[in-house]
Every structure is written in structure tokens, then in C-alpha cells.
Amino acid sequence: MGPAGSELLATDLLRASAYHLAGIKIRPKTGKEELSGILIKRREMRRILNHPMLLCSLRESFVNKVSFSGIVLEKLLPVDQIRLFEKTDIVIGAHGAGLVNSIFLLPQSHVLEIFPPFWYFGCYRKLCENVEVSYQSITAKGKKGPECDKEPGSQLCQIQGI
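Residues numbered from 1 in each chain as written. Predicted model: local features only at pLDDT ≥ 70, side-chain atom pairs only at ≥ 80, totals over all residues. Heavy atoms only, no water.

What follows concerns the sheet that holds strand β3 (residues 90-94). In space, the five strands of this open sheet follow the order β2-β1-β3-β4-β5, with parallel pairing throughout. Here the strands that pair on one side only, and so sit at the sheet edges, are β2 (66-71) and β5 (134-139). Taking each pair of neighbouring strands and ignoring which way they run, the sheet shows an average axis angle of 15°. The pairing of strand β1 (residues 35-40) with β2 spans six bridges and is parallel. (Pairing = 2+ DSSP bridges. Helix = DSSP H or I, 4+ residues; strand = E, 2+ residues; numbered from the N terminus. Axes fitted to C-alpha atoms, helices over the stretch in contact; angles between N-to-C directions.)

Counting buried positions along β3 yields five of five residues, so the element is predominantly enclosed. Note that β1 and β3 share three bridges and pair parallel. Its bridge partner lying in β3, G37 is registered against I90. Sheet topology places β3 next to strand β4 (residues 110-115); five bridges connect them, and they run parallel. From the neighbouring strand, I90 faces β4, where its bridge partner is H110. (Buried < 20%, exposed > 50% of the residue type's maximum accessible area, 1.4 Å probe, protein only.)

Next comes the structure, spelled out in C-alpha cells:
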């Protein structure tokens, strides 16, 4: 088995083990069920500044098709994050650690990752590929923060200036 096969096996084993520990019994959705979506809300860096407006717009645009809720993952226990993502069909969130939970989505779910201006890091694209979850990304509009005025190539600029 090559490296790609090892990654697929590892992610499947991790997901199956997490489901088992969380007491999750997977059941397929019927065609009549409304889809479930979450918009991840972050407390600190790389926040979606218009989060309430975006959540309202998603709810209005997908009424009777997708039930969207705003979630602060830091408030949930890890086991509750696993349960949440297993039941979720669509995840939208800014680039950050919360998207690692995409490993707990069922195949055929979807992730939309929002990158800050001037930033791209493809780790969640690869993770989604490994767990058979469709993936898209968009880059927000904006300008670099004041940390980047002094040293544009610095690590501080990359972490805080976006």
C-alpha cells in the first residue's frame, strides 16, 4: 500500500474509532430529511467579522433545504464535537483548528473554508480529500493588519496580521 492508501486507511480508522468511543451508530439520511449545516464562530483570530449577517443570509437562502446554526466549537467537549460533525452535512468556517473536525464528517458532506486575505494553507483540503468530503475554499477581501507593516514576511504577520 502506497502513502496515499495509508492516509486513507489512517483517517478511516481514526473516524471509526472516534465514532465507537462517542457511541455513534451511523444511519443513512432519507431523501426527505433537511440537511444540517454549521457556520463555525471563532472567538479570537481569523474570525468571520460579519458572522451574524452571514448566518442569517445562509438561513434565508436555504430555507427548508439546509438548517444552519452558528457554533462556537471551543464551548463543546471533544466528544460533542465528534457527534456534531457526524450529523452535519455542510461546514463553513474560517481557516483554523476547528476544521480538523472535518475528519468526523460522513463521506459526501461538504466543507467551505474561508481564508483571510493574503493567506492560503491547504491542509484541510487534503484532509477532506482523505475522508471523501467535498471541499471548496474562498478568500475573504481585506487588508493586512498593522503587524505586517513592520515586517511583512515575519511569522507574527502570518499569525496575527491577517
